Amino acid sequence: MFKTILKDSGIIFIYLLVTMIFGFAIEQIEPDSASILRFILGLVNVLVFMLVLIVYYYAYGRQASKIKHTNDIARRYFLETGEYRELKIDKEYNLLKPLFMALVSCVPLIIFIMIYGVFDLTGTVSSGAGVNAFLTAILFILTLYRGFLVPIRGLAVTVSIYWSLIYIPICIGTVMLSYYLGHLRSQRDLKQIRKTHEEIYGTDK
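Our subject in this report is the structure included herewith.

**Some remarks on the pattern of salt bridges**
If you walk through the whole model with that rule in mind, you get three salt bridges. Notably, a salt bridge pairs Glu-27 with Arg-146, separated by 2.5 Å at the nearest N-O pair. Separated by 119 residues along the polypeptide, Glu-27 in the loop between helix 2 (10-26) and helix 3 (31-81) and Arg-146 in the loop between helix 5 (128-144) and helix 6 (150-153) bring together distant segments of the chain. For the pair formed by Glu-27 and Arg-146, the shared burial category is buried. A salt bridge links Asp-189 to Arg-185; the shortest N-O distance between them is 3.1 Å. Of this pair, Asp-189 and Arg-185 both sit in helix 7 (residues 167-201), four residues apart, roughly one helical turn. Judged by its relative accessible area of 23%, Asp-189 falls in the partly exposed class. Taking relative accessible area as the criterion, Arg-185 reaches 30% and is therefore assigned partly exposed.

Next up, the structure:
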């Protein structure tokens, strides 16, 4: 299951990079003359990121729900006949999966924010021992998660690096909700199929 989570979280990193690239482009707009424009474009950039995740994980959750239904049929068949059928357990619906997938993309941010926080709170940023780690943390955060700071920078002259943490609830909320809604759609489709079957063939006694 861990390999599946790592593999299927790749889409988040791919579009995170795309969001970063567009974030760089938007920040080239002169802030003094077009801060509102930077805010709007930055917000659109984030919304497009969310839209991509919604479309992908909605379909992912819908498919996972179908696989779980198929697995449940196979499980009942095994109990009734003793004949084993291979199950796709790693791909069946499990609400913890999208949570872990989203968290995988948040781990780098959390780690480097913690590094930044340590040097920021202890005031050792200017010391030789902490400079390299500090600069590495800032560079990483500003680069990979840059797109999520752009809308805020469009409204403020100075923005705390901690604002990059806004990515965590955005990513986790979008992924989990989309996955769950895909599951609900699959369940509605299944109920409709059963209803149609009963209308045609009647209810099994």
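Okay, back to it.
**Describing the side chain of Ser-186**
Following the sequence through the fold, Ser-186 ends up in helix 7. Not counting the four nearest positions on each side in its chain, Ser-186 is found in contact with Arg-62, Ser-65 and Lys-66.

**Describing helix 2**
With 17 residues, helix 2 extends 25 Å between its outermost C-alpha atoms, agreeing within 8% with the 24 Å of an ideal straight helix rising 1.5 Å per residue. Along helix 2, the residues that are buried comprise Ile-11, Ile-12, Leu-16, Thr-19, Met-20, Gly-23 and Ile-26.

**Description of the state of the cysteines**
This model, assessed by the stated rule, comprises zero disulfides. Looking at Cys-106, it has no disulfide partner, and the nearest cysteine sulfur is the one in Cys-171, 4.8 Å off.

**With respect to the nonpolar core**
Membership of the largest hydrophobic core comes to 31 residues, with the highest contact counts inside it found for Ile-12, Tyr-57 and Tyr-167. Elements with a minimum of two residues in this core: helix 2, helix 3, helix 4 (96-122), helix 5 and helix 7. In this structure Ile-12 touches Phe-49, Leu-53, Tyr-57, Met-101, Ala-102, Ser-105, Tyr-167, Cys-171 and Val-175, once residues within four positions along its chain are discounted.

**Considerations on helix 4**
Note on helix geometry: an α-helix contains 3.6 residues per turn, so any two residues three or four positions apart are oriented the same way. Here helix 4 is 27 residues long and its end C-alpha atoms lie 36 Å apart, about the 39 Å a rise of 1.5 Å per residue gives. Considering bend angle alone, the principal kink of helix 4 is centred on Cys-106 and spans about 40 degrees; proline Pro-108 follows within four residues of it.

**Some points on the layout of surface pockets**
Approximately 190 Å³ is the volume found for the largest pocket. Along its surface, the largest pocket is lined by Thr-4, Lys-7, Asp-8, Ala-59, Tyr-60, Gln-63, Ala-64, Ile-67, Asp-90, Lys-91 and Lys-97. Contributing elements (two or more residues each) for the lining of the largest pocket: helix 1 (2-8) and helix 3. Broken down by element, the residue count for the lining of the largest pocket peaks at five residues, all from helix 3. Across the lining of the largest pocket, the residue classes tally to four nonpolar, two polar and five charged.

Each value, and the rule that gives it
Residues numbered from 1 in each chain as written. Predicted model: local features only at pLDDT ≥ 70, side-chain atom pairs only at ≥ 80, totals over all residues. Heavy atoms only, no water. Salt bridge = Lys/Arg side-chain N within 4 Å of Asp/Glu carboxyl O. Helix = DSSP H or I, 4+ residues; strand = E, 2+ residues; numbered from the N terminus. Buried < 20%, exposed > 50% of the residue type's maximum accessible area, 1.4 Å probe, protein only. Contact = heavy atoms within 4.5 Å. Expected span 1.5 Å × (residues − 1). Disulfide = S-S within 2.5 Å. Core = buried A, V, L, I, M, F, W, Y, C linked by side-chain atoms within 4.5 Å. Bend = angle between axes of the 7 residues up to and from the residue. 1 Å grid on protein atoms, 1.4 Å probe; cavity = no way out; pocket = protein on both sides within 12 Å on 5 of 7 lines; lining within 4 Å. Points joined across faces, edges and corners; volume = space filled by probe spheres on them. Nonpolar A, V, L, I, M, F, W, Y, C, P; charged D, E, K, R; others polar.

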